[in-house]
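Single-letter residue listing:
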Amino acid sequence: MPRQGLESVNCSLIAIPVLENETPVTITPLIRGQSTPLIVIRCGESVRVYANRCPHQGRPLDYAPDRFLTKNATLVCAAHGAVFGMADGLCLQGPCRGESLTPYASLWQDGVLRVEWPDPLD
Ligand code: FES
């Protein structure tokens with residue numbers, strides 16, 4: 001079930017008490033009034049946040065909410081099988097090889113995820 005965040009101008013704060021290592025979850029915070037699907041992945045001591053949108057055809061990577069194909073620290077797009085590194089979002093294999101998932105700066109601390117949004121003028 002997607003979790004909603006608190007909207008602010010440049011970030012959202014989202015309660016995620018538990019993140020299993022290398023187990024992606026989805027969140028759908030409001031970014032400037034629009035629900036925005038994101039993937040959150042804990043990689044050891046750090047957390048990565050990416051847009052849940054494949055660079056190949058723009059489809060979500062999960063085959064059902066919070067259901068992802070994963071293998072050896074990679075994430076596989078359910079549509080056509082593009083394989084992305086969890087730690088850097090780079091496509092290692094598949095139809096968009098060399099492209100990347102869109103990353104967002106984030107910090108996960110005390111069960112709260114802070115996701116930074118780019119400046120609207122960027
Ligand atoms: S939409 Fe992801 S591989 Fe085609």
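Before any of the text, the structure's been laid out above.
Caption draft 1: Broad picture of the overall build of the protein. If you tally the helices and strands in the protein, you get 0 helices and 14 strands. Along the protein, helices (α) and strands (β) appear in the sequence β-β-β-β-β-β-β-β-β-β-β-β-β-β when read from the amino end. Against the globule reference of 14 Å for 122 residues, the protein gives a C-alpha radius of gyration of 14 Å, in line with a compact fold. The principal-axis extent of the C-alpha atoms belonging to the protein is close to 35 × 30 × 25 Å. By residue count, 39% of the 122 residues in the protein fall in the buried class.

Caption draft 2: Here's a closer look at the pattern of salt bridges. Throughout the structure, instances matching the rule amount to 1 salt bridge. Linking Arg114 and Glu116 is a salt bridge whose minimum nitrogen-to-oxygen distance equals 2.5 Å.

Caption draft 3: Region of the structure containing the sheet that holds strand E9 (residues 74-76). Strand order across the open sheet formed by 4 strands is E8-E9-E10-E11, with antiparallel pairing between neighbours. Two strands close off the open sheet at either side, each with one partner strand: strand E8 (69-71) and strand E11 (91-93). Sheet twist, expressed as the mean angle between neighbouring strand axes with direction ignored, is 35°. Relative to E9, E8 runs antiparallel, the two sharing 3 bridges.

Caption draft 4: Focus on the pairing of strand E13 (residues 106-109). As paired strands, E13 and strand E14 (residues 112-116) are joined by 4 bridges and run antiparallel to one another. From the neighbouring strand, Ser106 faces E14, where its bridge partner is Val115. Linkage of E13 to E14, two consecutive antiparallel strands, is achieved through a turn of 2 residues, within which Asp110 is found at a positive phi near 55°.

Caption draft 5: Focus on the sheet that holds strand E7 (residues 46-51). Strand order in the open sheet made by the 4 strands is E3-E6-E7-E12, with antiparallel pairing throughout. Taken across any chain shown, the strands that pair with only one partner, and hence form the sheet edges, are strand E3 (25-27) and strand E12 (103-104).

Caption draft 6: A look at unusual backbone geometry. At Asn72, a residue that is not glycine, the phi angle is positive and equals roughly 50°. Along the chain, Asn72 turns up in the loop between E8 and E9. On the basis of relative accessible area, Asn72 is assigned to the exposed category, the value being 69%.

Caption draft 7: Focus on the environment of Arg32. You can see Arg32 is positioned in the loop between strand E4 (30-31) and strand E5 (34-35). Here the alpha-carbon distance between Arg32 and Asn10, two residues 22 residues apart in the chain, equals 8.7 Å.

The rules behind the values
- Each chain carries its own residue numbering, running from 1 in the direction its sequence is written.
- Local features are withheld for residues below a pLDDT of 70 in this predicted model, meaning they are given only at 70 or higher, and side-chain atom pairs are given and counted only at 80 or more; totals for whole chains, interfaces and linings count all residues.
- As a convention, hydrogens and water are excluded, and side-chain values are obtained from all of the structure's heavy atoms.
- Each helix corresponds to a stretch of at least 4 residues labelled H or I by DSSP, and each strand to a stretch of at least 2 residues labelled E; elements are numbered beginning at the N terminus.
- Between the two quantities, the radius of gyration covers C-alpha atoms and the globule rule is 2.2 Å times the number of residues to the power 0.38.
- Type-normalised accessible area, obtained with a 1.4 Å probe on protein chains alone, sets the label of each residue: buried when under 20%, exposed when over 50%, and partly exposed for intermediate values.
- For this document, the term salt bridge refers to a Lys or Arg side-chain nitrogen within 4 Å of an Asp or Glu carboxyl oxygen.
- Pairing between two strands requires that DSSP report at least two bridges joining them.
- Interaxial angles span 0 to 180 degrees and are taken between N-to-C directions of axes, which are lines fitted to C-alpha atoms, for helices over the stretch in contact.

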